[in-house]
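The primary structure of each chain is shown beneath.
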Amino acid sequence: MAKARVAVLISGAGTNMAALLYAAKAADCPYELVLVASNNPDAPGLAIAAAEGVPTWSLSHKGINRDAFDALVDEQLREAGAEFVALAGYMRILSDDFVARWAGRMINIHPSLLPKYKGLNTHSQAIDAGDKFGGCSVHIVTPGVDEGPVLAQTPVAIVAGDTAGTLAERVRFAEHQLYPATLAAFVGRERSPDWLLGRVRELAMALPEVDEVTSHGMPCFGIVKGKKFAYFTQDHHGDGKTALLVKISGADEQAQLIEMDADRYYRPAYFGDGWVGIRLDLGDTDWDAIGEWLRKSWLAIAPKKLAGLMGVADEF
């Protein structure tokens, strides 16, 4: 299975980037670094990445409009083929447009136990507040600074005589353990059958009068007491695929889809020409498109009166 392609954004020493990079050398790590980029051409982390054979890019943000600079960064990420972005000491507030472009695919590590102490000076704040623990958190990046959903945390005990500096040193050890493991779990979830089924279930069950049952040994979705319009398949007849099966118009459409993208679309065994399989385990699933496939497949079996609930005519 192909590894997830991750770009890392840094501004300085890049110690967390290095932790991600060296973890990625393990054969069973589910991600690889395809780019390390920085808003600081002098960032020491760039030299580490280059020495390890990871492509780098840098440009000072000074004198460049925030949106324009972020557009340049985004262009580099796209050219590198990045699927995910990891912020590792990237000292820039990102534009809303950039965050939107990478929504659900960008994570950050922050040196506090969020939601406590967002922003800077987190260790001194924890000590001054009399907290027993500082720590670090990995969270999904959203427009609000350090406000995204927390994926994982590691508490670090505050001991007598701690300063912001001594606490920071121990928290950094925790960061280097937490970030690679959390990134691996994060990129791997989109290839996890349980997670993929959950996404399909969420989209399918949002359609009118849908139920879920098991048929042919697979979870499937249909109109209550009616026909089935979608199947979720995992290694069906040993094909090694995790996929969604939906109804289509026939052999011609099936052939066109397979010709267009043979890695993604396929003819599912024992289902005939009226169905197509759509791979969900490639790591780059367009869930808006999957929602549209489910809607069209639902329309293919829905009675006209029920189809009217969708505000559209039967498309088949």
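Structure's up top.
Criteria and cut-off values
- Residues numbered from 1 in each chain as written.
- Predicted model: local features only at pLDDT ≥ 70, side-chain atom pairs only at ≥ 80, totals over all residues.
- Heavy atoms only, no water.
- Helix = DSSP H or I, 4+ residues; strand = E, 2+ residues; numbered from the N terminus.
- Buried < 20%, exposed > 50% of the residue type's maximum accessible area, 1.4 Å probe, protein only.
- Contact = heavy atoms within 4.5 Å.
- Areas by Shrake-Rupley, 256 points an atom, 1.4 Å probe, with all protein chains shown as cover.
- Lys, Arg positive; Asp, Glu negative; His and termini not counted.
- Charge placed at Lys NZ, Arg CZ, Asp CG, Glu CD.
- Salt bridge = Lys/Arg side-chain N within 4 Å of Asp/Glu carboxyl O.
- Arc of directions from axis to C-beta.
- Axes fitted to C-alpha atoms, helices over the stretch in contact; angles between N-to-C directions.
- Parallel < 35°, antiparallel > 145°, perpendicular 65-115°, else oblique.
- Left-handed = near helix turned anticlockwise from the far one by under 90°.
- Nonpolar A, V, L, I, M, F, W, Y, C, P; charged D, E, K, R; others polar.
- Pairing = 2+ DSSP bridges.
- Core = buried A, V, L, I, M, F, W, Y, C linked by side-chain atoms within 4.5 Å.

Trainee: Can you explain the overall build of the chain? Please cite residues and give values.
Mentor: When helices and strands are counted, the chain shows ten helices and 13 strands. Each principal axis of the C-alpha atoms in the chain carries an extent, and together these give about 70 × 40 × 40 Å. Across the 316 residues that make up the chain, the buried fraction comes to 46%. Considering only intrachain contacts with a sequence separation of at least 6, the fraction spanning at least 24 residues in the chain is 57%. Surface summary for the chain: the accessible area is close to 15100 Å², and the carbon and sulfur share equals 53%. Counting 30 positive and 40 negative side-chain charges, the chain places the centres of these two groups 4 Å from one another.

Trainee: How would you explain the side chain of S38 if you had to name every residue and give the values?
Mentor: Take S38: it is sitting in strand β2 (residues 31-38). Assessed through its relative accessible area of 1%, S38 is described here as buried. Discounting residues that sit within four places of it in the chain, S38 has contacts with I10, S11, A43, L46, W57, S58 and L59.

Trainee: Account for the pattern of salt bridges, naming residues and giving values.
Mentor: According to the stated counting rule, one finds 14 salt bridges in the structure shown. For R264, the salt bridge is made with D261, and the minimal N-O distance between the two is 3.1 Å. A residue is classified by how much of its surface remains accessible, and R264, at 18% relative accessible area, is buried. In this structure, R267 and D273 form a salt bridge, with 2.9 Å as the shortest nitrogen-oxygen distance. A relative accessible area of 46% places R267 in the partly exposed class.

Trainee: How would you summarise helix α8 (residues 251-260) if you had to cite specific residues and measurements?
Mentor: Turning to α8, its buried residues are E253, Q254 and L257. Projected down its long axis, α8 carries its buried residues within an arc of 100°, all on one side. For α8, exposure combined with an orientation more than 90 degrees from the buried face picks out D252, Q256 and E259. Elements in contact with the buried residues of α8: β12 (265-266), β13 (275-279) and α9 (287-301).

Trainee: Describe the packing of helix α7 (residues 193-204) against α9, naming the residues involved and giving the relevant values.
Mentor: Helix packing for two helices is described by the angle between their axes and how far apart those axes are. Contact geometry for α7 and α9: axes closest at 9 Å, N-to-C directions at 50°. Classified by the interaxial angle, the pair formed by α7 and α9 is oblique. As α7 packs across α9, the resulting crossing turns out to be right-handed. Of the residues in α9, those in contact with W195, L196, R199, V200, L203 and A204 of α7 are W287, I290, G291 and L294. Classifying every residue of the contact of α7 with α9 by side-chain character gives eight nonpolar, one polar and one charged.

Trainee: Go over the pairing of strand β11 (residues 242-247) with me, naming the residues and quoting the values.
Mentor: Of all six residues in β11, five are buried; the element is thus mostly enclosed. Relative to β13, β11 runs antiparallel, the two being bridged by five bridges. Residue pairing in the sheet places L245 in a bridge with G277 of β13.

Trainee: Before we move on, could you go through the sheet that holds strand β8 (residues 210-215) and cite the residues and values that matter?
Mentor: Pairing in this open sheet of six strands is antiparallel, and the strands run β8-β9-β10-β11-β13-β12 from one edge to the other. Sheet topology places β8 and β12 at the edges, where each strand pairs with a single neighbour. Pairing of strand β9 (residues 218-223) with strand β10 (residues 228-234) involves three bridges; the strand directions are antiparallel. Residue pairing for β10: C220 is matched across the bridge by Y231. Relative to the sheet, α9 contacts β8, β9, β10, β11, β12 and β13, its axis offset from that of β11 by approximately 40°.

Trainee: Explain the nonpolar core to me, and be specific about the residues and the numbers.
Mentor: V6, V8, I10, M17, Y31, V36 and Y179 are the most contacted members of the largest nonpolar core, which has 38 residues in total. A per-element tally of this core places helix α6 (residues 164-188) first, with nine residues. Leaving out residues up to four positions away in the same chain, V6 has contacts with Y31, E32, L33, V34, L35, F84, A86, L183 and V187. By size, the runner-up hydrophobic cluster in this structure holds 29 residues, among which are A204, F229, F232 and A302.

Trainee: Talk me through the sheet that holds strand β3 (residues 56-58); I want residue IDs and the actual numbers.
Mentor: Here we have seven strands laid out as an open sheet, ordered β3-β2-β1-β4-β5-β6-β7, and mixed in their pairing. Every other strand in the sheet has two partners, leaving β3 and β7 (150-157) as the edge strands with one partner each. Strand-to-strand twist across the sheet, computed as the mean angle between neighbouring axes with direction ignored, equals 20°. Pairing analysis gives seven bridges linking strand β1 (residues 4-10) to β2, with the strands arranged parallel. Residue pairing across strands places A7 opposite L35, the latter belonging to β2. Against the sheet, helix α1 (residues 15-23) contacts β1, β2, β4 (84-87) and β5 (106-110), and its axis sits at roughly 155° relative to β2.

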